[in-house]
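Structural overview
Next come the chains, spelled out residue by residue.
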Amino acid sequence: MPTLQQQIQQFYDASSGLWEQIWGEHMHHGYYGEAGTERKERRQAQIDLIEELLKWADIQQATQILDVGCGIGGSSLYLAEKYQATVTGITLSPVQANRAIARAQAAGLGDRATFQVADALEMPFADQSFDLVWSLESGEHMPDKQKFLQECYRVLKPGGKFIFVTWCHRPTAAPQAPLTSDERKLLERIYQVYCLPYVISLPEYEAIAQAQGFQSLRTADWSTAVAPFWDVVIDSAITPAAVLGLLGSGWTTIQAALSLGLMQQGYRRGLIRFGLLYGTR
Ligand SMILES: C[S@@+](CC[C@H](N)C(=O)[O-])C[C@H]1O[C@@H](n2cnc3c(N)ncnc32)[C@H](O)[C@@H]1O
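Here we summarise the structure given alongside this text. As the structure is a computational prediction, the values presented were derived from the model and not from experiment. (Residues numbered from 1 in each chain as written. Predicted model: local features only at pLDDT ≥ 70, side-chain atom pairs only at ≥ 80, totals over all residues.)

A count of helices and strands for the chain gives 12 helices and seven strands. Here the C-alpha atoms of the chain give a radius of gyration of 18 Å, agreeing with the 19 Å that 2.2 N^0.38 yields for 281 residues. By principal-axis analysis of the C-alpha atoms, the chain measures approximately 50 × 45 × 45 Å. Considering only contacts within the chain whose residues lie at least 6 apart along the sequence, 75% involve residues at least 24 apart. (Helix = DSSP H or I, 4+ residues; strand = E, 2+ residues; numbered from the N terminus. Rg over C-alpha atoms; globule rule 2.2 N^0.38 Å. Contact = placed C-beta atoms within 7 Å.)

As structure tokens, then:
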């Protein structure tokens, strides 16, 4: 039985080529306006998410950026260009790291954007190396959320900023109800399909970040703004090119495609939440 890390690696090794072919370089939700009602081209929606996050966190400049869970470097290269910064991206998938390196070279950013296979729970970087740590939709894969935030804090320079966006479940502390067994079942199915050990609620992340020492903490729930993303993914998955690509991408990718409705259901039921956390060191 492969370990969680191996499963994640295999999942992204197998599916990233197809995702890029159908969707492009960004492997994250799109932003459809605060109320989730704006209609726009799908790649634009993903770029808008990055821009809205930068606005929300008020990032005016950055020089040394770390992209934790970088995919094929979609955000990394976007941020390198926008801020004229040096960017380092880490991923568990060698296929993704190699593709990100090739994309950086093709974009003329090979000298400022580097990518490597590394584990976010044991980052191969010295303390206080980066002034912006960016993590977009990778936290849900982390088996130890505490260690993950500890590592992000460790590599951040004093005064540096942390932007963390991740799949959460709804808050469960009183007066909210604990998760029901139906909710747990839906979460289990989502975990299995997307190689997630478990997710937690946004207030739980905030408590961990606070204990870790992050300052100026802010959180936000953007579920309504991003939920339409899954309707668009489902539409794109039933095109002939996607179906053909799926057949060549192995069982885990096919299973993920067949299960796209799970996330849609999760948002509709208010169970899945798209959580944002900002903090400084
Ligand atoms: C959904 S993709 C997001 C990619 C990218 N942030 C984007 O928005 O395009 C999740 C990424 O998290 C990475 N990841 C998951 N667990 C990781 C870990 N323990 N260490 C480093 N990267 C990890 C995966 O390899 C993958 O690149």
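Now that the structure has been shown, we can carry on.
Near the ligand there are 23 residues, and of these His28, Gly69, Gly71, Ala120 and Ser138 occur at the shortest range. Split by residue class, the shell around the ligand holds 10 nonpolar, 11 polar and two charged. (Near = placed C-beta within 6 Å. Nonpolar A, V, L, I, M, F, W, Y, C, P; charged D, E, K, R; others polar.)

Taking strand neighbours across the sheet as the criterion, the seven strands line up as E3-E2-E1-E4-E5-E7-E6 in an open arrangement whose pairing is mixed. Each of the sheet's edge strands pairs with one partner strand only, and the pair in question is strand E3 (113–117) and strand E6 (215–221). Strand-to-strand twist of the sheet, defined as the mean angle between neighbouring strand axes without regard to direction, takes the value 15 degrees. The sheet contact formed by E6 and strand E7 (residues 272–280) spans five bridges and is antiparallel. (Pairing = 2+ DSSP bridges. Axes fitted to C-alpha atoms, helices over the stretch in contact; angles between N-to-C directions.)

What follows covers helix H9 (residues 229–237). Taken together, the buried positions of H9 are occupied by Phe229, Trp230 and Val233. Down the axis of H9, the buried side of the element spans an arc of 90 degrees, and every buried residue falls inside it. Considering only its buried residues, H9 is in contact with helix H8 (223–226) and helix H12 (260–268). (Buried ≥ 20, exposed ≤ 12 C-beta atoms within 10 Å, placed from the backbone. Arc of directions from axis to C-beta.)

Glancing now at the nonpolar core. Of all hydrophobic cores here, the largest spans 69 residues; its most connected members are Ile65, Val133, Trp134, Cys152, Phe162, Ile163 and Val226. Tallying contributions element by element places strand E5 (residues 156–169) first for this core, with seven residues. (Core = buried A, V, L, I, M, F, W, Y, C linked by C-beta atoms within 7 Å.)

To continue, consider the packing of helix H1 (residues 4–22) against helix H4 (residues 94–106). Two numbers describe how H1 lies on H4: the axes approach to 7 Å, and their chain directions differ by 40 degrees. As the angle between them shows, H1 and H4 are arranged oblique. Counting all contacts with H1, which are made through Tyr12, Asp13 and Ser16, the residues of H4 involved are Pro94, Val95, Gln96 and Arg99. When grouped by side-chain class, the residues that make up the contact of H1 with H4 number three nonpolar, two polar and two charged. (Parallel < 35°, antiparallel > 145°, perpendicular 65-115°, else oblique.)

Turning to the packing of H9 against H12, a few remarks are in order. Describing two packed helices takes the angle between their axes plus the distance from one axis to the other. Packing of H9 against H12 leaves a shortest axis separation of 9 Å and a crossing angle of 160 degrees. Judged on the interaxial angle alone, H12 and H9 are roughly antiparallel. For the pair H9 and H12, the sense of crossing is left-handed. Facing H9, whose interface residues are Trp230, Asp231, Val233, Ile234 and Ala237, H12 presents Leu260, Gly261, Met263, Gln264 and Tyr267. (Left-handed = near helix turned anticlockwise from the far one by under 90°.)

Right, let's get into helix H2 (residues 42–56). In this model, H2 (15 residues) spans 21 Å end to end at C-alpha, consistent with the 21 Å of a helix rising 1.5 Å per residue. Within H2, the full set of buried residues consists of Ala45, Gln46, Leu49, Ile50 and Leu53. Across the axial projection of H2, the buried residues extend over an arc of 145 degrees, all falling on one side. Of the residues in H2, the exposed ones pointing more than 90 degrees away from the buried face are Gln44, Glu51 and Lys55. Tucked into the core, H2 has its buried residues touching helix H3 (74–83), E5 and H8. Positive backbone phi, at 55 degrees, marks Asp58, one or two positions downstream of H2. (Expected span 1.5 Å × (residues − 1).)

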